[in-house]
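Inside the fold
Okay, here's what each chain looks like letter by letter:
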Amino acid sequence: MKVRPVLPSERKTYNKLVTHPLQSYEWGEFRERTGIKVLRLGFYEGERLVDGFTLTLHPIPYTKLNIGYLPKGILPTKNYLTTLKKIGKENNCLAIQVEPNVLYSKDSKKTLLASGLREAAHPLFTKYTFVLDLTKSEDELLKNLHPKTRYNIKVAQKHSVSISEKDTPDAFETYLKLSEETTKRQRFYAHSPLYHREQWGSLPHTATPPFNKLSSHLLVASYNMKILTTWIVFVFHDTLYYPYGASSNEHRETMSSTLMMWEVIKFGKKIGLKKFDMWGALGPEPDEHDSWYGFHRFKQGFRPEHLEFIGSYDLVINPAAYFIYKALDKLRWLYLKIK
């Protein structure tokens with residue numbers, strides 16, 4: 001099977017083959033705008049593109065080394081790993097992290113470990129997520145909600161909170177402002193404003209069936225003419241994704257975020273999507289002291305299916321540099337937690 005870069009003229013074919021926004025052609029274009037090196041390679045039978053992946057290369061500061069990152073691709077085959085090893089050596093990578101978009105099974109994990117991969121030293125993408133079936137009727141979905149979630153939707157409606165799609169520069173600036181508020185309040189790390197600006201400027205904001213082009217949509221929840229909550233959602237293939245959300249410290253009694261989630265579900269149904277991937281969850285027995293526990297419980301209130309993926313694995317290219325990097329990375333994150 002021949003391996004070569006995917007041509008711009010093959011964009012549509014490539015997008016039909018990949019299964020997640022982070023592997024889409026448009027996501028690779030966005031990452032290039034941030035200054036990251038992007039490799040988009042295809043596997044060909046003759047001249048027919050039959051599979052492919054997008055890999056990003058991230059420089060390690062103060063060194064000539066890189067780390068490769070391949071999120072949400074296929075389950076690596078022998079040919080796939082041979083290609084990745086070649087790329088890693090050519091680009092001076094100490095390792096390439098792969099996170100297959102594949103549900104967990106003992107056999108699949110055993111196969112990955114037997115192929116020479118090792119469980120990732122620092123996973124970047126969550127192993128778990130929640131997925132809601134959008135083919136159910138609105139009445140079914142509403143009836144299935146946790147009673148507290150259903151009550152909070154009514155609270156927001158009584159406060160006359162309104163939800164609308166608002167893909168405008170002003171609304172996006174409000175999103176950035178609320179993102180800063182949210183990260184400070186929740187004390188977690190987030191992407192920079194520049195990252196979000198480049199992403200917003202790169203991705204289209206119109207979703208057209210059959211949704212084989214990644215699109216991004218900004219929805220806002222307003223109360224008394226003031227925006228309290230902003231979400232960015234993605235549309236790709238038959239699935240709606242919720243990667244980013246931000247909310248104000250003000251008027252939290254209005255439960256605007258709960259109504260936002262419900263209206264986003266209706267948005268997905270309206271345009272004909274089949275699934276809603278809520279972009280991450282904790283494990284089946286979450287720690288109540290985990291900083292993400294509140295997000296987990298919030299999503300859980302909409303009674304989605306809890307799914308476990310196979311996880312993150314490192315393909316080690318330079319063993320000596322890899323083990324030094326692992327040790328330094330642990331110290332870095334310990335410092336950031338203490339700071």
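Structure shown above.
If you're wondering where the values come from, they're calculated on a predicted model, not measured in any experiment. Every chain is numbered on its own, with residues counted from 1 as its sequence reads. Selection of residues for local features in this predicted model requires a pLDDT of at least 70, selection of side-chain atom pairs for listing and counting requires 80 or more, and totals for whole chains, interfaces and linings are taken over all residues. Neither water nor hydrogens contribute to the side-chain values; these are computed over all heavy atoms in the structure.

**Quick word on the packing of helix α6 (residues 147-158) against helix α9 (residues 256-270)**
Note on geometry: axes are lines fitted to C-alpha atoms, helical ones only across the stretch in contact, with angles between N-to-C directions running from 0 to 180 degrees. Labels follow the DSSP assignment, with helices taken as runs of H or I lasting at least four residues and strands as runs of E lasting at least two, numbered in each case from the N terminus. At a minimum axis separation of 8 Å, α6 and α9 run at an interaxial angle of 100°. Considering the angle they form, α6 stands roughly perpendicular to α9. Together, Thr149, Asn152, Ile153, Ala156 and Gln157 of α6 and Thr258, Leu259 and Trp262 of α9 make up the contact between the two elements. For classification purposes, angles smaller than 35 degrees are called roughly parallel, those larger than 145 roughly antiparallel, those between 65 and 115 roughly perpendicular, and all remaining angles oblique. Only heavy atoms enter the contact rule, under which two residues are in contact if any of them lie within 4.5 Å.

**Quick word on the packing of aromatic side chains**
Paired rings are identified among Phe, Tyr and Trp, the last through its six-membered ring, by centres lying within 6.5 Å, and are further divided according to the angle between planes into stacked (under 30 degrees), edge-to-face (over 60) and tilted (the rest). Within this structure, the stated rule accounts for 18 aromatic pairs. Ring geometry for Trp27 against Phe234: centres 5.9 Å apart, planes inclined by 65°, an arrangement best described as edge-to-face. Taken together, the positions of Trp27 in helix α2 (residues 25-33) and Phe234 in strand β10 (residues 226-236) put the pair 207 residues apart, joining distant regions of the chain. By relative accessible area, Trp27 is classed as buried at 7%. With 5.8 Å between their ring centres and 15° between their planes, Phe43 and Tyr80 make a pair best called stacked. You can see Phe43 sitting in strand β2 (residues 37-45) and its partner Tyr80 sitting in helix α3 (residues 78-90), a full 37 residues away along the chain. With a 1.4 Å probe rolled over the protein chains alone, any residue whose accessible area is under 20% of its type maximum counts as buried; one over 50% counts as exposed, and the rest are partly exposed.

**Topic: the sheet that holds strand β11 (residues 239-247)**
A pair of strands is considered paired only if DSSP assigns at least 2 bridges between the two. Strand order in this open sheet of 7 strands is β8-β9-β10-β11-β12-β7-β13, and the pairing throughout is mixed. Where the open sheet ends on each side, the last strands, each with one partner, are β8 (162-165) and β13 (305-308). On average, each strand axis in the sheet is tilted by 30° relative to the strand beside it, whichever way the strands run. Sheet strands in contact with helix α10 (residues 293-300) are β7 (128-133), β10, β11 and β13, and its direction is about 20° off that of β7.

**A short note on the pattern of salt bridges**
A carboxyl oxygen of Asp or Glu within 4 Å of a side-chain nitrogen of Lys or Arg is what we treat as a salt bridge. On inspection of all chains with the given rule, the structure shows 15 salt bridges. In this structure, Lys86 engages Glu90 in a salt bridge whose closest nitrogen and oxygen atoms are separated by 2.7 Å. Taken together, the residues Lys86 and Glu90, both in helix α3 and 4 residues apart, mark about one turn of the helix. In this structure, Lys86 and Glu90 share a single accessibility class: exposed.

**What to know about the pairing of strand β9 (residues 215-223)**
Of all 9 residues in β9, 9 are buried; the element is thus mostly enclosed. Every second residue of β9 is oriented toward a common face, with Ser215, His217, Leu219, Ala221 and Tyr223 on one face and Ser216, Leu218, Val220 and Ser222 on the other, all of them buried. In the sheet, β8 pairs with β9 via 4 bridges, with the strands oriented antiparallel. Residue pairing for β9: Ile163 is matched across the bridge by Ala221. Looking at chain direction, β9 and β10 are connected through 9 bridges and run antiparallel. Across the sheet, residue Ser215 finds its bridge partner in β10, namely Val235. Between β9 and β10, which follow one another and run antiparallel, lie 2 residues, and Asn224 among them has a positive phi close to 50°.

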